[in-house]
Structure formats: structure tokens, C-alpha cells
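Each chain is listed here by its residues.
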Amino acid sequence: MWKSHNATDTTCKQKFGQRRETEKRYTVEWLFNNWHEKDRNGIKWHDSDLIIATSGSSEVVIAFAGTASTADALTNLQTLEPVSHSGLFEQPRRKARSKNATLVEGGIHRGFLNAYARVVRGKIRKINDGNEASSSTKSLDEHFRTCIGQQSQPKKSSRAVATMPRDTNRIKKPVKGALGKQTKRRGGKRRRRRHVCKSNGNRLMDILRDVTTKSLQSGHTVHLVGHSLAGSLAMIHALDIALNHPGTPIKRLHLWTFGAPEIADSAFFESVGMQSRRVRNLLSDGERYHRYVTQSKKNCKADVVASITSTSLNRGAMRRLGGVQGDVVHTIEPEFLSCNATGGELHEMKSYLGALSLSASPDGQLKTDFPPTLRKWLGEAA
């Protein structure tokens, strides 16, 4: 029975990270941004972003990005829907041969699910251009080259005839100057286009499945990481790999979430746990599923966003409206990160990074090679 593991601790006993690792360097190889789906009216739904980084030939990190736009906010505000409405878990249903077979049931957050499974348009940027692609991301490199090749093909354009006024002396210099600037800009745009693929018709879910399964099958360790909304997307990707790809080993699959809200109800987790033992083991294994929540030193209160789905939907009328079966739950207790923030500040990225840095490093110094502006935003000491 899955119990509700909310981010609360009345005795204010923080559990800090006991895992200590030697310093590692990660290279960001790919950036995915503005992945969405369009409806018939041209409205863009969702705004999924992520980066893919590697550490030598042993590890792959897929780090999803959290709420940063109105489309992301709309994704967050959606309620649960029956998991049967989604095509993501159709595979176990097709494999059910007996009438008594257990099928995946329950409710899952529609916004989080669709932001992962239904986005088919977006941009892919290659960051480490010129360097040899990691063996774990070679399939992505092939997709990128194909996409860039298609973009490079000349497009048909209609011919147009423009007439110039007789008196051109007054506009000759401005036009000449504008053309000069335009030529410079075009050169820059051409260079940028070679590094950006505008993908259309390829599901983000399929691209990530390919990277993750091939990495795990090659013996790589794969870390799925996300803060807030991004943590929910990371968890759905982990569930997708564990349940829908039974031939892929997942002992090296790690899930790291920071202030992530619940994604489903207890009926879903009970059903999916009965369907797959390895899913059940993954969601209850504190060595592979690392769930962090900030907690204030001043009042012992925890980040409310980490339990916002259950707080909103585990009530009478909202329970019926939200399609909840059982209770909206987390599957594992959080690991609390002590910090000086209170209220809404507890959910901010800098609060999580600062608390992690203090719990993992004796001197509390977060060290990166990022540009100064980004280091300052992360709370890194100058």
C-alpha cells in the first residue's frame, strides 16, 4: 500500500545527504528548448526544456527545466485523468492475455504527462560542436545531422518585382547602411542555424527513450534530474523506461527530484507496482530514487510545492473534479535540506542549490564553470 509521504516533519529532524562522491566534471552536450504541441487553433501547449550532459564515458545526465513560462504554469494547473486515456501505458495493456490480468489503473497528472508524451515540436541545440559525440548520444547526433541537412535545403520562393522611386538620393545612404548591417546579421544567423535543429513531428519522448535505453544497455549510469515541474517530468520518464522497456536494465537508472509535486494517485502506483516488480523497487529504493525537499531552519516548515498536488486534490469536491482514486501521494519519504529561507523562497532554485552545497561540501562552496551571471544566480560565491 502506497502511503502519502508529504514534506512535513513536526519534530524538525532534517535528514541530510549521506552520499559523498568525489568531484566530477560534466560536459553539457545538448540543449532542448520550447518543446510543445499545437492544437487546431495554433495555440502552443506546454514548454518543455532540458539539457543532456555527460561525464566521460560512464554517466549521462538528463536534466529537465522547471516552470519558466505561462505555458509551464498552465501545465502545472491541470488535474488528474484516468491513466487509460494516455497512450503511454498501452504496452502493458496489449500484453495482458488473461481476463484476470492486472492492468494499469488510477489517475495521473494530465499536464505533466502530456508535457512529456505529446510535445512534438521544439529546438535542439548542439553545445559541444566540434567535439566527438559521446557514445551514449550518438543516435541523437545522427538525428541532429539529419534535421540540419533538411533545414539547409533551399526553399522555394516567389519572385517579386519592386520599384524604386526616381529620387533616391535621400534614401541611398540609409539603405546602404541597412543592407550592410543586414549582411552581417545574415552571416551570424547562418552560423547559428548550423547549431540549432528545429524539430517538427518527432516526439520528445521518443528521442529521450532512445538516449536513455541505449545508455543503460551500454552500461552507462543515467541520472534523471528535475526541480519542481521538471522533477515530475523526470519521474514520468523513469516510469516510462522501467515499465515500457522491460529489456532495458535499470540498476544504473537514478532519479533525482527537488521540490517536485506528486504526479499520480495511490491507485496508479498500486496498479503499476503490481504490473512491474522493478517499477515498485525503483520507486521505493532510496539509493536510486533521491527525493529532496527544503525545510526552513526558522520554523521547520517545508517547501509547500512538494505536496501541492495532494493539498489541492485530496479534498471532497476537488477529489471528484480531479479524478482522484485513493489519495494523491509520493512513493518515498523526502530527504530534507535545511536552509534559512521561509515561505515561497523555500521553493526557489537558489535555496535548493545553497542547501545542497552546504550539506555536501565542508566549506559550502558551489563550484561551476558557468558564466558569472549564471554563477551569481545559482548562489555561487564569487
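Let's talk about the overall build of the protein chain
Next, step 1: For the protein chain, the helix and strand inventory stands at 13 helices and 13 strands.
Next, step 2: A total of 382 residues make up the protein chain; the buried ones form 45% of that total.
Next, step 3: The long-range share in the protein chain, meaning contacts at least 24 apart out of those at least 6 apart in sequence, stands at 79%.
Next, step 4: For the protein chain, the exposed area adds up to about 21,700 Å²; of that, 50% sits on carbon and sulfur atoms.

Focus on the nonpolar core
Next, step 1: One finds Phe32, Ile52, Leu253 and Phe268 to be the most contacted residues of the largest nonpolar core, which totals 58 residues.
Next, step 2: Take this core: its biggest share by element is 11 residues, from helix α7 (residues 229-244).
Next, step 3: Residues within four places of leucine 253 in sequence aside, it is in contact with Thr212, Leu216, Val222, Leu224, Ala238, Ile241, Leu282 and Arg288.
Next, step 4: Counting 17 residues, the second largest nonpolar core, distinct from the first, contains Val225, Val293, Ala341 and Ala355.

Here's the deal with the confidence of the model for the protein chain
Next, step 1: Taken as a whole, the protein chain shows an average pLDDT of 80; of its residues, 72% reach a score of 70 or greater.
Next, step 2: Predicted confidence for residues 158-166 stays below pLDDT 50, and this span has one contact to residues more than four positions away or in other chains.
Next, step 3: Note that residues 170-176 has pLDDT below 50 and, in this model, one contact with residues that lie over four places away or in other chains.

Considerations on the state of the cysteines
Next, step 1: Taken as a whole and assessed by the stated rule, the structure comprises one disulfide.
Next, step 2: Note that cysteine 147 is cross-linked by a disulfide to cysteine 197, the S-S spacing being 2.0 Å. An S-S torsion of about 95 degrees defines the bridge between cysteine 147 and cysteine 197 as right-handed. One end of the pair, cysteine 147, is in helix α4 (residues 138-152); the other, cysteine 197, is in strand β7 (residues 196-200), and 50 residues separate them in sequence. Of the two residues, cysteine 147 and cysteine 197, neither departs from the other in class, the shared state being buried.

With respect to α4
Residues lying three or four places apart along an α-helix face the same way, a consequence of the helix completing one turn every 3.6 residues.
Next, step 1: Between its terminal C-alpha atoms α4 stretches 21 Å, which fits the 21 Å expected from 15 residues at 1.5 Å a residue.
Next, step 2: By the burial criterion, the buried members of α4 are Ser139, Leu140, Asp141, Phe144, Cys147 and Ile148.

Details of the pairing of strand β2 (residues 44-55)
Next, step 1: Counting buried positions along β2 yields nine of 12 residues, so the element is predominantly enclosed.
Next, step 2: Looking at chain direction, strand β1 (residues 27-38) and β2 are connected through eight bridges and run antiparallel. Across the sheet, the residue bridging to leucine 31 is isoleucine 51, located in β2.
Next, step 3: Across six bridges, the pairing between β2 and strand β3 (residues 59-64) is antiparallel.

Here's the deal with the pairing of strand β8 (residues 221-227)
Next, step 1: Most of β8 is tucked away: seven of the seven residues are buried.
Next, step 2: Because side chains alternate across β8, one face comprises the buried residues Thr221, His223, Val225 and His227, and the other comprises Val222, Leu224 and Gly226, equally buried.
Next, step 3: In this sheet, β8 lies alongside β3 in parallel orientation, the contact comprising five bridges. Its bridge partner lying in β8, glutamate 59 is registered against threonine 221.

Some thoughts on the packing of aromatic side chains
Next, step 1: Scanning all chains against the criterion turns up six aromatic pairs.
Next, step 2: When the ring of phenylalanine 32 is compared with that of tryptophan 35, the centres are 6.1 Å apart and the planes differ by 40 degrees; the resulting orientation is tilted.
Next, step 3: An aromatic cluster is built from Trp256, Phe258, Tyr292 and Tyr352, whose rings are joined through pairwise contacts.

Topic: the sheet that holds β2
Next, step 1: Strands sit in the order β7-β6-β1-β2-β3-β8-β9-β11-β13 across an open sheet of nine strands; the sheet is mixed. Both outer strands of the open sheet, β7 and β13 (335-339), are each paired with one neighbouring strand and no more. In this sheet, neighbouring strand axes are inclined to one another by 20 degrees on average, regardless of whether the strands run parallel or antiparallel.

Procedures and definitions
Residues numbered from 1 in each chain as written. Predicted model: local features only at pLDDT ≥ 70, side-chain atom pairs only at ≥ 80, totals over all residues. Heavy atoms only, no water. Helix = DSSP H or I, 4+ residues; strand = E, 2+ residues; numbered from the N terminus. Buried < 20%, exposed > 50% of the residue type's maximum accessible area, 1.4 Å probe, protein only. Contact = heavy atoms within 4.5 Å. Areas by Shrake-Rupley, 256 points an atom, 1.4 Å probe, with all protein chains shown as cover. Core = buried A, V, L, I, M, F, W, Y, C linked by side-chain atoms within 4.5 Å. pLDDT = per-residue confidence, 0-100. Disulfide = S-S within 2.5 Å. Expected span 1.5 Å × (residues − 1). Pairing = 2+ DSSP bridges. Phe/Tyr/Trp six-rings, centres within 6.5 Å; stacked < 30°, edge-to-face > 60°. Axes fitted to C-alpha atoms, helices over the stretch in contact; angles between N-to-C directions.

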